[in-house]
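Chain residues, written in single-letter form:
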Amino acid sequence: SEEAERITDIGPPHYSKFLPPVVKDNYGKWKYHEILEPGILRHVAESGDEIFSIRVASPRILTTLQARDLAEISDKYCEGFMRFTSRHNFEFLVSDKSKLEPLKAELAQRGIPKGGTGHSITNIVHTQGWIHCHTPAIDASGVVKAVMDDLFEYFGSHQLPAQLRISLACCLNMCGAVHCSDIAILGVHRTPPHIAHDKLRHLCEIPTTIASCPTGAIRPHPDKSIKSVVVNEERCMYCGNCYTMCPAMPLFDAEKGGVALLVGGKVSNAVNPPMFSRLAVPYIPNNPPRWPETVQAIRKIVIKYAEGANKWERVGEWIQRIGWEKFFEVCDIPFTFQHIDDYRWAYDTYRTSMHFKF
Ligand code: SF4
Ligand code: SF4
């Protein structure tokens, strides 16, 4: 039996068990794919077999009821086969072409929006935010929800010059793809950890706390009777590693933490090689629950890109063509000394980048 074949009960079952039969039959032999309309893809195999995917938006965090609804629709039209994409979209995998139009009609009737393909803005890749991680400077889900609500018109349409990928990472550890996205939302800390000396001596092991710092910024407190540590602020790079070890050294500061925007990165090798994102807006204060300043700044970049870029140009390619100076000018973003990395500073400090320059 399947149970007897199991080697371990750790980890998920093998993915091949979840492939639709047409994908299994043509595994490794898919010839091409095309986008039929926003949100609908057709993959064609060498054998002539085909499969259709309808990509729809998901709110990323699903309720049980939403998950049941999606499963119910998949049972009805896709023999139960469906998938989540790496950008938290949801795809219905339709092997029977006759079911495509009825599925589209049901999605429209249920108000489930399709899109996220081709020249669109698809769902935002993001990290964990205030609820799930300990070192964020900003929230993740909240910012993403506000930004994507505002840009929703670009999800179900192909009106942009090329695909536009947005990502968010809530601290510089960058669990999100902010280093290589067309527009990246990055949480930045601008102060070293706060040390609660009275708590530290009860909560933390001083040697492990000192050892946790990658830059050697933490030292034993010079007054041995205090039994705590001190941070050499000029060496601290606001990474939060010490807080992982020692809960008496929180990094978050409601007044100082905030959003930076980076632009022009991409992973794709098409036309030009992959590109890194670069700093556009050094700092926007945290403003929950809807982050209006962040939303407006991103919308402005999107609109100027949509107006100014040639067809197929990604954001970074558009900026390269018009020049960074022009980019700052058309997007009405002030160019400040925070935009200049000065690596001469690296001789005696780690502080070469913008979040140390406030
Ligand atoms: Fe945590 Fe930073 Fe990753 Fe956000 S980006 S989940 S704060 S480590
Ligand atoms: Fe060291 Fe990072 Fe803590 Fe700063 S935040 S003291 S660099 S571990």
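Residues numbered from 1 in each chain as written. Chains lettered and ligands numbered in written order. Predicted model: local features only at pLDDT ≥ 70, side-chain atom pairs only at ≥ 80, totals over all residues. Heavy atoms only, no water.

J.: Would you mind going over the overall build of the chain in detail, with residue names and values included?
T.: In terms of helices and strands, the chain carries 12 helices and 12 strands. Based on the C-alpha atoms only, the size of the chain along its principal axes is roughly 75 × 60 × 35 Å. Put simply, the chain has 358 residues, and 46% of those count as buried. The contacts of the chain with a sequence gap of at least 6 include a subset with a gap of at least 24, amounting to 64%. Carbon and sulfur atoms make up 55% of the accessible area of the chain, which totals about 18800 Å². Between the mean site of the 40 positive side-chain charges and the mean site of the 40 negative ones, the chain shows a separation of 2 Å. (Helix = DSSP H or I, 4+ residues; strand = E, 2+ residues; numbered from the N terminus. Buried < 20%, exposed > 50% of the residue type's maximum accessible area, 1.4 Å probe, protein only. Contact = heavy atoms within 4.5 Å. Areas by Shrake-Rupley, 256 points an atom, 1.4 Å probe, with all protein chains shown as cover. Lys, Arg positive; Asp, Glu negative; His and termini not counted. Charge placed at Lys NZ, Arg CZ, Asp CG, Glu CD.)

J.: An account of the side chain of Ser181 is requested, with residue identities and associated values reported.
T.: Within the fold, Ser181 resides in the loop between strand S7 (166–169) and strand S8 (183–188). According to the relative accessible area criterion, Ser181 is buried, its value standing at 1%. Sequence-distant contacts of Ser181, that is, excluding residues within four places in its chain, are made with Arg165, Ser167, Val263, Gly264, Gly265, Lys266 and Ser277.

J.: Give me the lowdown on the pattern of salt bridges, citing residues and values where you can.
T.: On inspection of all chains with the given rule, the structure shows 22 salt bridges. Here Arg110 ties to Glu72 by a salt bridge, and the two come within 3.2 Å at their closest N and O atoms. Separated by 38 residues along the polypeptide, Arg110 in helix H4 (residues 100–110) and Glu72 in helix H3 (residues 64–77) bring together distant segments of the chain. A salt bridge links Arg110 to Glu106; the shortest N-O distance between them is 2.9 Å. Of the two residues, Arg110 and Glu106 both sit in helix H4, 4 residues apart, roughly one turn of that helix. (Salt bridge = Lys/Arg side-chain N within 4 Å of Asp/Glu carboxyl O.)

J.: Can you break down the sheet that holds strand S5 (residues 90–94) residue by residue, with the values?
T.: On the basis of which strands lie adjacent, the open sheet formed by 5 strands has the order S1-S2-S3-S5-S4 and antiparallel pairing. The open sheet has two free edges, formed respectively by strand S1 (30–37) and strand S4 (82–84), since each of these has just one partner strand. Pairs of neighbouring strands in the sheet enclose a mean axial angle of 25 degrees, with direction left out of account. Examined bridge by bridge, S4 and S5 share 3 bridges and lie antiparallel to one another. Looking at the pairing, Arg83 lines up with Glu91 of S5. Of the strands in this sheet, S4 and S5 are in contact with H3, which crosses S5 at around 15 degrees. (Pairing = 2+ DSSP bridges. Axes fitted to C-alpha atoms, helices over the stretch in contact; angles between N-to-C directions.)

J.: With reference to specific residues and values, describe the packing of aromatic side chains.
T.: Per the stated rule, a full pass over the model turns up 13 aromatic pairs. Ring geometry for Trp130 against Trp291: centres 5.8 Å apart, planes inclined by 45 degrees, an arrangement best described as tilted. On the criterion of sequence distance, the pair formed by Trp130 in helix H5 (residues 129–132) and Trp291 in the loop between strand S12 (278–285) and helix H10 (292–308) is long-range, its members being 161 residues apart. (Phe/Tyr/Trp six-rings, centres within 6.5 Å; stacked < 30°, edge-to-face > 60°.)

J.: Could you give me a rundown of the nonpolar core, with the residues and numbers involved?
T.: The nonpolar side chains of a soluble globular protein tend to be buried with one another. Counting 41 residues, the largest nonpolar core has Ile121, Leu164, Ile166, Ile185, Ile298, Val302 and Phe327 as its most contacted members. Ranked by residue count, the leading element in this core is H10, at 6 residues. In this view, Ile121 contacts Gly116, Met148, Leu151, Tyr154, Phe155, Leu160, Leu164, Ile166 and Val302; residues no more than four positions away in its chain are not counted. (Core = buried A, V, L, I, M, F, W, Y, C linked by side-chain atoms within 4.5 Å.)

J.: Just give me the short version of the state of the cysteines, but keep the residues and values in it.
T.: Chemically, a disulfide is nothing more than a covalent bond linking the sulfur atoms of two cysteines. Overall, the coordinates contain 1 disulfide when judged by the stated rule. Disulfide pairing places Cys204 opposite Cys246 at an S-S distance of 2.1 Å. Around the S-S axis, the bridge from Cys204 to Cys246 shows a dihedral of about 75 degrees and counts as right-handed. Remark: Cys246 occurs in the loop between helix H9 (241–245) and strand S11 (258–263) and Cys204 occurs in the loop between helix H7 (197–203) and helix H8 (206–211); sequence separation between them is 42 residues. Take Cys204 and Cys246: they sit in the same class, and that class is buried. (Disulfide = S-S within 2.5 Å.)

J.: How would you summarise the site of ligand 1 if you had to cite specific residues and measurements?
T.: Close contacts around ligand 1 come from Thr127, Gln128, Cys133, Thr135, Pro136, Cys170, Cys171, Asn173, Met174 and Cys175, and that covers them all. Of the residues in the shell around ligand 1, the class split is 6 nonpolar, 4 polar and no charged. (Near = heavy atom within 4 Å. Nonpolar A, V, L, I, M, F, W, Y, C, P; charged D, E, K, R; others polar.)

J.: Before we move on, could you go through the sheet that holds S11 and cite the residues and values that matter?
T.: If you walk across this open sheet you meet the 5 strands as S6-S7-S8-S11-S12, and the pairing is mixed. Each of the sheet's edge strands pairs with one partner strand only, and the pair in question is strand S6 (125–126) and S12. Of the strand pairs in this sheet, S8 and S11 are connected by 6 bridges, and their pairing is antiparallel. Looking across to S11, one finds that Ile185 is bridged to Leu261.

J.: Can you tell me about the confidence of the model for the chain, naming the residues and giving the values?
T.: Residue-level pLDDT values for the chain average 93, and 97% of them are 70 or greater. Two numbers describe this predicted complex: its pTM, 0.91, and its ipTM, 0.97. (pLDDT = per-residue confidence, 0-100.)

J.: Any chance you could break down the pairing of S5 for me, citing the residues and the numbers?
T.: Counted residue by residue, S5 has 5 buried out of 5 residues, so it is predominantly covered. Residues Phe90, Phe92 and Val94 line one face of S5 and the alternating positions Glu91 and Leu93 line the opposite face, and both faces are buried. In this structure, strand S3 (residues 50–56) lies alongside S5, joined through 5 bridges in antiparallel fashion. If you follow Phe52 over to S5, its bridge partner there is Val94. In this antiparallel pair of consecutive strands, S4 and S5, the connection spans 5 residues, and His88 shows a positive phi of 65 degrees.

J.: I'd like a rundown of the packing of H10 against helix H11 (residues 315–322), residues and numbers included.
T.: With their axes 11 Å apart at the nearest point, H10 and H11 run at an angle of 70 degrees to one another. By the angle class used here, H10 and H11 are roughly perpendicular. Once H10 is placed against H11, the crossing between them reads as left-handed. Counting all contacts with H10, which are made through Lys304, Tyr305 and Gly308, the residues of H11 involved are Val315, Trp318 and Arg321. (Parallel < 35°, antiparallel > 145°, perpendicular 65-115°, else oblique. Left-handed = near helix turned anticlockwise from the far one by under 90°.)

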